[in-house]
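Here are the chains, one letter per residue:
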Amino acid sequence: MSEPQGSDSTRKLPVLEKADDAGALGQSSSAAAYEPLDTVAEEDGRQGRFWSARRVPAGILAILLLVAAGAFLYDVAAVRAGRSALRWRTWLAQQLAERPLDDTAVLVGAGIAAAVGLWLIVLAATPGLRDVLPMRRTHADVRAGLYRMAAAMALRDRAMEVAGVQSVRVRVKRRKVDVRAVSHFRELDDVRADLDTTLADGIKGLGLARSPALSVRVARPGRKG
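Bear in mind the structure is a predicted one, so any value in this text is a computation, not a measurement.

Considering the overall build of the protein chain
Phase 1 of the analysis: When you go through the protein chain residue by residue, the secondary structure sums to five helices and six strands.
Phase 2 of the analysis: Classification of the 225 residues of the protein chain by burial places 23% in the buried group.
Phase 3 of the analysis: Here the contacts in the protein chain between residues at least 6 apart in sequence split such that 67% fall between residues at least 24 apart.

Structural data, given as structure tokens:
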């Protein structure tokens, strides 16, 4: 058995030439040319958001009320003991008795009090904890949540496994997952299709009570220099 001779029988390896610009690799970006895959799982359902304890606003309000009540109580006790009232309470009583309701200072004070009251009502009526996404319940007595940053990191790791992806940025919102990827080889539409499939499965695997929609955009790296 003899070896083949001649340069014609030698197999030539493909050569990957560096493109001068993004146009040499085809498209410069691939956006919503088609609808992404469905990310809604069969077990998805409505789960309320986690309620915040509002410790900071409650603590500030409690301290302010404690200071104000303590000052008034001390002054009333001092007057009952035969001492004269403190100057600030005498001045406050005089201002409240003499100033008309349409005075600028009265209107400004009433506006500030109304704004603070409205803020407290909003805090009491809204759940808060926007960074925690509710997860599906597998047990009736157990409720779990997933931080949006952790979900973004998990989806980013899945996206980096796709061939052709050089870098990726993932932002997880309450109702949407925004993915911006950079691809340095392969057709952008192919990379986009693989990202749609991979990330759709990844979103379902997060176990969220309400799976967010998926938005993927793939682009070429920018020019250096």
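Alright, that's what it looks like, and here's the rest.
Examining the nonpolar core
Phase 1 of the analysis: By size, the foremost hydrophobic cluster in this structure holds 24 residues, and its most contacted members are Leu155, Val170, Val172, Val177, Val179 and Leu195.
Phase 2 of the analysis: Among the elements of the structure, helix 4 (148-160), strand 4 (165-172), strand 5 (176-183), helix 5 (188-205) and strand 6 (213-219) are those that each provide at least two residues to this core.
Phase 3 of the analysis: No other element matches helix 5, which puts five residues into this core.
Phase 4 of the analysis: Dropping the residues within four chain positions of it, Val172 is found in contact with Leu133, Arg148, Ala151, Ala152, Leu155 and Val177.

Remarks on the pattern of salt bridges
Any two side chains of opposite charge can pair, given that their charged atoms come close.
Phase 1 of the analysis: Counted according to the given criterion, the structure contains six salt bridges.
Phase 2 of the analysis: Here Arg148 ties to Asp131 by a salt bridge, and the two come within 3.0 Å at their closest N and O atoms. Highlighted residues: Arg148 in helix 4 and Asp131 in the loop between helix 3 (104-125) and strand 2 (132-134), separated in sequence by 17 residues.
Phase 3 of the analysis: Residue class for Arg148 comes out partly exposed when judged on its relative accessible area of 21%.
Phase 4 of the analysis: Asp131 gets classed as partly exposed once you look at its relative accessible area, which sits at 44%.
Phase 5 of the analysis: Note that Arg186 and Asp194 form a salt bridge whose closest N and O atoms lie 2.8 Å from each other.
Phase 6 of the analysis: Exposure remark for Arg186: the relative accessible area of 29% places this residue in the partly exposed category.

Concerning unusual backbone geometry
Phase 1 of the analysis: Residue Arg186 is not a glycine yet carries a positive backbone phi of 75°.
Phase 2 of the analysis: As for its position among the elements, Arg186 is in the loop between strand 5 and helix 5.

Quick look at the packing of aromatic side chains
Phase 1 of the analysis: Throughout the structure, instances matching the rule amount to one aromatic pair.
Phase 2 of the analysis: Ring geometry for Phe72 versus Trp88: centroids 5.1 Å apart, planes at 75°, classification edge-to-face. Pair noted here: Phe72 is in helix 1 (residues 55-80) and Trp88 is in helix 2 (residues 87-98), with a separation of 16 residues, a long-range link.
Phase 3 of the analysis: With a relative accessible area of 37%, Phe72 lands in the partly exposed category.

Description of helix 5
Phase 1 of the analysis: Helix length check: helix 5, at 18 residues, gives a terminal C-alpha distance of 25 Å against a target of 26 Å (1.5 Å per residue), a fit within 8%.
Phase 2 of the analysis: Those residues of helix 5 lying buried are Leu188, Val191, Arg192, Leu195, Asp196, Thr198, Leu199, Ala200, Gly202 and Ile203.
Phase 3 of the analysis: Positive backbone phi, at 75°, marks Gly207, one or two positions downstream of helix 5.

Notes on the confidence of the model for the protein chain
Phase 1 of the analysis: On average, residues of the protein chain score 80 in pLDDT, and 78% of them are at 70 or above.
Phase 2 of the analysis: Scored below 50 in pLDDT, residues 1-26 shows 10 contacts in the model against residues more than four places distant or in partner chains.

Remarks on the environment of Val76
Phase 1 of the analysis: With respect to the secondary-structure elements, Val76 resides in helix 1.
Phase 2 of the analysis: Measuring from C-alpha to C-alpha, the distance between Val76 and Arg89 comes to 9.8 Å, with 13 residues separating the pair along the chain.

What about the side chain of Thr198?
Phase 1 of the analysis: As for its placement among the helices and strands, Thr198 is situated in helix 5.
Phase 2 of the analysis: We classify Thr198 as buried; its relative accessible area is 18%.
Phase 3 of the analysis: Looking at Thr198, its side chain comes within polar contact range of the main-chain oxygen of Asp194, at 2.9 Å.

Describing a nonpolar patch on the surface
Phase 1 of the analysis: Where nonpolar side chains cluster on the molecular surface, the patch consists of Phe72, Tyr74, Leu86 and Trp88 and spans about 380 Å² of accessible area.
Phase 2 of the analysis: Among the secondary structure elements, Leu86 is positioned in the loop between helix 1 and helix 2.

Overview of the side chain of Gln95
Phase 1 of the analysis: By the element assignment, Gln95 lies in helix 2.
Phase 2 of the analysis: Classification of Gln95 by relative accessible area gives buried; the value is 18%.
Phase 3 of the analysis: A polar side-chain atom of Gln95 sits 2.5 Å from a polar atom in the side chain of Arg99.

Scoring rules and cut-offs
Residues numbered from 1 in each chain as written. Predicted model: local features only at pLDDT ≥ 70, side-chain atom pairs only at ≥ 80, totals over all residues. Heavy atoms only, no water. Helix = DSSP H or I, 4+ residues; strand = E, 2+ residues; numbered from the N terminus. Buried < 20%, exposed > 50% of the residue type's maximum accessible area, 1.4 Å probe, protein only. Contact = heavy atoms within 4.5 Å. Core = buried A, V, L, I, M, F, W, Y, C linked by side-chain atoms within 4.5 Å. Salt bridge = Lys/Arg side-chain N within 4 Å of Asp/Glu carboxyl O. Phe/Tyr/Trp six-rings, centres within 6.5 Å; stacked < 30°, edge-to-face > 60°. Expected span 1.5 Å × (residues − 1). pLDDT = per-residue confidence, 0-100. Polar contact = N/O pair within 3.5 Å; in protein donor to acceptor, adjacent residues only side chain to side chain. Patch = residues over 30% accessible without salt bridge, like charges linked within 9 Å, V, L, I, M, F, W, Y side chains within 5 Å. Areas by Shrake-Rupley, 256 points an atom, 1.4 Å probe, with all protein chains shown as cover.

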